[in-house]
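Architecture and fold: a report
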Amino acid sequence: MNYDHKIIITKTEYEGHSLELLIYLDEKNHPVEIHGNSAEKTSLIGDVYVARVAKVMPQMNAAFLQAGELVFFYPINHIESAIFTKKNGKGDGLCQGDELLVQVVRDAIKTKEICVTTNLSFSGEYVILTTGDKKIGISQKIVGEKRKELKNALSEWNHSDFGIVIRTSAQGADLSTIENEIHSLVAIASKTIENGMHKVSGTLIKKAEHSFLSHIRRLVKEEPSLEIVSDDILWVERLKEMLPDNIAVRQYTDFSYPIEQLYSIQNMLKKALDKKVYLPSGGYLLIEPTETLTVIDVNSGKNIKRKSRESYFDEINREAAVEIARQIRLRNISGMIIIDFINMDTDESVEQLMRRMRSYTKEDYVKVSVLDYTKLGLVEVTREKKYPNLYEYFQ
């Protein structure tokens, strides 16, 4: 049987880094998403610990915490709903020696410590439950009658101890399934909190599941004609046990021609990390990640003479909009993104470009907001951060 899309799971060495990779390929075997996991050290993102406050820094509105040998950086937020397992100081504020439940939101990068939050998050297939942010929300991608139906139901499902966010994947789920998942997540969250209340500082209360599993569940639901291929027997056995029988999971066994060569994975990574991305009409993008944002510059190349400048620039901008939406998802770029398109002469051209950007980024599984076209001719885009971007695995 032929499948339109594939998920490849394998291990590779690239630029001195050992990585476990999940690569989502389209019908032409072009990469749509690349997700990594260090084969050298396990990610702590999502893990819940009991941590002790080592030092409070009021001027930074932050604190350093310790959990055994681990040092955490905590930008103080949701402190009013923090779950203390031991209160050393008076009042509700954070004091040295306090012990509380925290969840890792970022692994250590270079000189930056592990970052944690007291807003514990418990994710299901359709729902995210939070302990700090008590708001009730529905994905903006759910519209019409389904949104109204969920709003009405949420007023009845409201759990005052938790916030509830309905994910985009709930669009096709019935209310009873979503309600059952909420009850299940409330039970998991309550058990986690209860366990933490009886543990000492440094204890790992809840280990997050492998990050690949949430991607696999999402992609299997989105794409019915999908095959999962891996040369790792442990992944094959795990997925066959976890997934329905109608999902194709295959072990790759031709070790004379490794899966890495078959899908040109080294070249795929090189292109996904390259700053320069060429466009069909001869233009190109320059993608520059920085500490605080990502800058994408659209360049015309050298083919201007073959047609009128205005029509050529419009063509380059159209191609760039498609490719930028693809690259943002492929590289998992998040946060603030500034795009410098080629200057446009009319308001109509600007409006068309903004409509295209909003349309193309709707395909992304992460929330993308195309905000504004500034007076300087820059397009501002934000993308929610849920997972590390591709660059972070090679720092």
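To keep things clear, this report deals only with the structure shown in the data block. Every chain's residues receive numbers from 1 upward, in the order its sequence appears when written. The predicted nature of this model means local features are confined to residues of pLDDT at least 70 and side-chain atom pairs, given and counted, to a pLDDT of 80 or more, with totals for whole chains, interfaces and linings taken over all residues. Neither water nor hydrogens contribute to the side-chain values; these are computed over all heavy atoms in the structure.

Quick look at the pattern of salt bridges
Only one rule defines a salt bridge in this text: a Lys or Arg side-chain nitrogen within 4 Å of an Asp or Glu carboxyl oxygen. Summed over all chains, the structure comprises 15 salt bridges. The shortest N-O distance in the salt bridge between Arg217 and Glu209 comes to 2.7 Å. Between Glu288 and Lys275 there is a salt bridge, with its nearest N and O atoms 3.3 Å apart. In this pair, Glu288 is assigned in strand 18 (residues 284-289) and Lys275 in the loop between helix 6 (265-273) and strand 17 (276-278), connecting sequence segments 13 residues apart. For the exposure calls, accessible area comes from a 1.4 Å probe over protein chains only, and a residue counts as buried if that area is under 20% of its type's maximum, exposed if over 50%, partly exposed in between. Assessed through its relative accessible area of 33%, Glu288 is described here as partly exposed. Each of Glu33, Arg218, Glu222 and Arg329 takes part in a single network of salt bridges with overlapping partners. Helix numbers and strand numbers start at the N terminus; a helix is a DSSP run of H or I with at least 4 residues, a strand a run of E with at least 2.

With respect to the packing of aromatic side chains
The geometry of an aromatic ring pair is captured by two quantities: the separation of the ring centres and the angle between the planes. Each Phe, Tyr or Trp ring, with Trp reduced to its six-membered ring, pairs with another whose centre is within 6.5 Å; inter-plane angles below 30 degrees give stacked pairs, above 60 give edge-to-face pairs, and intermediate values give tilted ones. Going through the model one piece at a time under the given rule, you end up with four aromatic pairs. If you follow Arg218 out to its NZ or CZ, it ends over the ring of Tyr365, 3.6 Å from the centre. A ring has a charge above it when a Lys NZ or an Arg CZ is no more than 6 Å from the ring centre and no more than 35 degrees off the ring normal. The residue whose ring lies beneath Arg238 is Trp235, and the NZ or CZ to ring-centre distance is 5.2 Å.

Some thoughts on the sheet that holds strand 11 (residues 127-130)
Note on sheets: strands pair through backbone hydrogen bonds, and any given pair is parallel or antiparallel. Strands are labelled as partners when DSSP assigns at least two bridges between them. Strand order in this open sheet of four strands is 10-11-13-12, and the pairing throughout is mixed. A strand with exactly one partner marks an edge of an open sheet, and here the two such strands are strand 10 (121-123) and strand 12 (136-138). Across the sheet, the mean angle from the axis of one strand to that of its neighbour is 15°, orientation sign disregarded. Pairing of strand 12 with strand 13 (residues 163-166), which is carried by three bridges, proceeds in the parallel orientation. From the neighbouring strand, Gly137 faces strand 13, where its bridge partner is Val165. Packed onto the sheet, helix 1 (residues 144-157) meets strand 12 and strand 13 and runs at close to 160° relative to strand 12. The strands touched by helix 2 (residues 175-196) are strand 10, strand 11 and strand 13; relative to strand 11, the strand with the most contacts, the crossing angle is about 30°. Orientation is described by lines fitted to C-alpha atoms, with helices fitted over the stretch in contact, and by angles between N-to-C directions that extend from 0 to 180 degrees. Whether two residues touch is decided by their heavy atoms; if any such pair falls within 4.5 Å, the residues are in contact.

Describing helix 2
In a regular helix each residue adds 1.5 Å, so 22 residues correspond to 32 Å; helix 2 covers 32 Å between its end C-alpha atoms and thus fits that length. Every buried residue belonging to helix 2 is among Ile178, Glu181, Ile182, Leu185, Val186, Ala189, Thr192, Ile193 and Gly196, and all of these are buried. Angularly, the buried residues of helix 2 cover 140° about the axis, an arc narrow enough to put them on a single face. Looking at helix 2, the residues exposed on the side facing more than 90 degrees away from the buried face are Asn180 and Lys191. Helix span, expected: 1.5 Å multiplied by one less than the number of residues in the helix. Working note: the arc is built from the helix axis to C-beta atom directions.

Focus: the sheet that holds strand 16 (residues 248-251)
Strand order across the open sheet formed by five strands is 3-2-1-15-16, with mixed pairing between neighbours. The outermost strands of the open sheet, each flanked by one partner alone, are strand 3 (31-38) and strand 16. Each neighbouring strand pair of the sheet contributes to a mean axis angle of 20°, computed without reference to strand direction. Pairing of strand 15 (residues 226-230) with strand 16 involves four bridges; the strand directions are parallel. In the strand pairing of strand 16, Val229 is matched with Arg250. The sheet strands contacting helix 6 are strand 1 (5-14), strand 2 (17-25) and strand 3, and the helix crosses strand 1 at an angle near 90°.

Re the packing of helix 3 (residues 211-222) against helix 4 (residues 233-242)
Put simply, helix 3 and helix 4 touch, their axes get as near as 13 Å, and they point 50° apart. In terms of orientation, helix 3 lies oblique with respect to helix 4. At the point where helix 3 passes helix 4, the crossing takes the right-handed sense. Taking contact as the criterion, the partners of Phe212, Leu213, Ile216 and Arg217 in helix 3 are, on helix 4, Trp235, Arg238, Leu239 and Met242. Only Asp, Glu, Lys and Arg are considered charged in this grouping, and only Ala, Val, Leu, Ile, Met, Phe, Trp, Tyr, Cys and Pro are considered nonpolar; every other residue, Gly among them, is considered polar. Its residues assigned to classes, the contact of helix 3 with helix 4 shows six nonpolar, no polar and two charged. In these notes the angle categories are as follows: under 35 degrees is roughly parallel, over 145 is roughly antiparallel, 65 to 115 is roughly perpendicular, and the rest is oblique. The handedness criterion is simple: a crossing whose near helix is rotated anticlockwise from the far helix by less than a right angle is left-handed, and one whose near helix is rotated clockwise is right-handed.

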